[in-house]
Amino acid sequence: MQMVGTEILANIIMINPKQLTFPWSKPNRSELEDFFFDEKNLKLKDVLLSNEDFFLYGRNKVGKTYLMQSLCNLYAKRNKTSLYIPLKDILNLDTSLLDSLDNLDLICIDDINLINGKDKWELAFFNLINNCLTSRCRLIFCSSINPSQLLFKLKDLESRIKKLDSFEILPVSDSNLVNALNFIAKSRAINLGIKELNYLVKYSKRSVSSLIKLIDKLDKLSMEQKRKITIPLIKEII
């Protein structure tokens, strides 16, 4: 088993004392102000900006990872230490990488359900929670599974996680997709008219994640061909 623990974490801290990243993490520019909060998700925005520990859940591709990375970026701007942990990328490593993380200001753990049945990881996270309670490090857990349905072999861990306040991030409603797409396009400096926005929403897959990929593709094609984004251009890729 590959060993990643306090030695590597010490090196990471020296590289960036504000926001910690694992050596295999991809840089991101996620920002809370660039995330479209549907009306039914406005309460979640307030919780993110608080100091609460909580559990975030919701279906795939609704923005859970983006929000956690955005929050870590916000903490870095405020000269606070933070770490985003994508469990799908670390379960083949040693649990010692969690050692001393409770000295940080914020830890965001993605896909916590993946440790189910992995004894060493369950114990390591139980210990991390206890240490963070003492150090007052903020913890945010994330999963596509409602925490009430989570099961762990270590029942003390299950109890601790289920005691956290939980918030579901809901998909943007169909009636608000045009507004969401307009907001996201402007945040990326992509010029889309109302006709083009309506056309994209009407004739594309009705999900924000799919629409974002589409406007990024359109933006690239528009620059390559030195053409404005119009319905004829849109028709070339959908």
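Look up: the structure comes first, before these words.
Within each chain, residue numbers correspond to sequence positions counted from 1 in written order. The predicted nature of this model means local features are confined to residues of pLDDT at least 70 and side-chain atom pairs, given and counted, to a pLDDT of 80 or more, with totals for whole chains, interfaces and linings taken over all residues. Remark: hydrogens and water are excluded; side-chain values derive from all non-hydrogen atoms of the structure.

S.K.: Hey, could you run me through the side chain of Ser96 in this one?
M.R.: Strands here mean DSSP runs of E at least two residues long; helices mean DSSP runs of H or I at least four residues long; both are numbered from the N terminus. Looking at the element boundaries, Ser96 is found in the loop between strand E3 (82-86) and strand E4 (106-110). Here Ser96 falls in the buried class, since its relative accessible area comes to 17%. Three labels apply to residues, based on accessible area from a 1.4 Å probe with only protein chains included: buried if under 20% of the type maximum, exposed if over 50%, partly exposed otherwise in between.

S.K.: Sorry, what's going on with the packing of aromatic side chains here?
M.R.: Any two aromatic rings considered together are summarised by their centre-to-centre distance and by the angle between their planes. The pairing test for Phe, Tyr and Trp rings, Trp by its six-membered ring, is centres within 6.5 Å, and the orientation test on the planes gives stacked under 30 degrees, edge-to-face over 60, and tilted for anything in between. A full pass over the atoms with the stated rule returns six aromatic pairs. Three or more aromatic residues link up through ring pairs in this structure, and these residues are Phe35, Phe37 and Tyr66.

S.K.: Explain the pairing of E3 here, please?
M.R.: Along a regular strand, successive side chains alternate from one face of the sheet to the other. Counted residue by residue, E3 has five buried out of five residues, so it is predominantly covered. Judged by which residues are buried, E3 turns out to be covered on both faces: Ser82, Tyr84 and Pro86 on one side and Leu83 and Ile85 on the other are all buried. Any two strands are treated as partners once DSSP identifies two or more bridges connecting them. Of the pairings in the sheet, the one linking E3 to E4 comprises five bridges and is parallel in character. Bridge pairing in E4 places Ile85 opposite Ile109.

S.K.: Would you mind showing me how to read the environment of Ile194 here?
M.R.: Checked against the element boundaries, Ile194 lands in helix H7 (residues 194-203). When its relative accessible area of 55% is taken as the criterion, Ile194 is described as exposed. Taking the C-alpha atoms as reference points, Ile194 and Asn182, twelve residues apart in sequence, are found 8.2 Å from one another.

S.K.: Just to check I follow, could you spell out helix H5 (residues 155-162) for this structure?
M.R.: Inspection of H5 places Leu157, Glu158 and Ile161 among the buried residues, and these make up the whole buried set. One face of H5 carries all of its buried residues, which in axial projection span an arc of 100°. Buried residues belonging to H5 abut strand E2 (54-57) and helix H4 (119-135). It is the directions from the helix axis to the C-beta atoms whose arc is reported. Whether two residues touch is decided by their heavy atoms; if any such pair falls within 4.5 Å, the residues are in contact.

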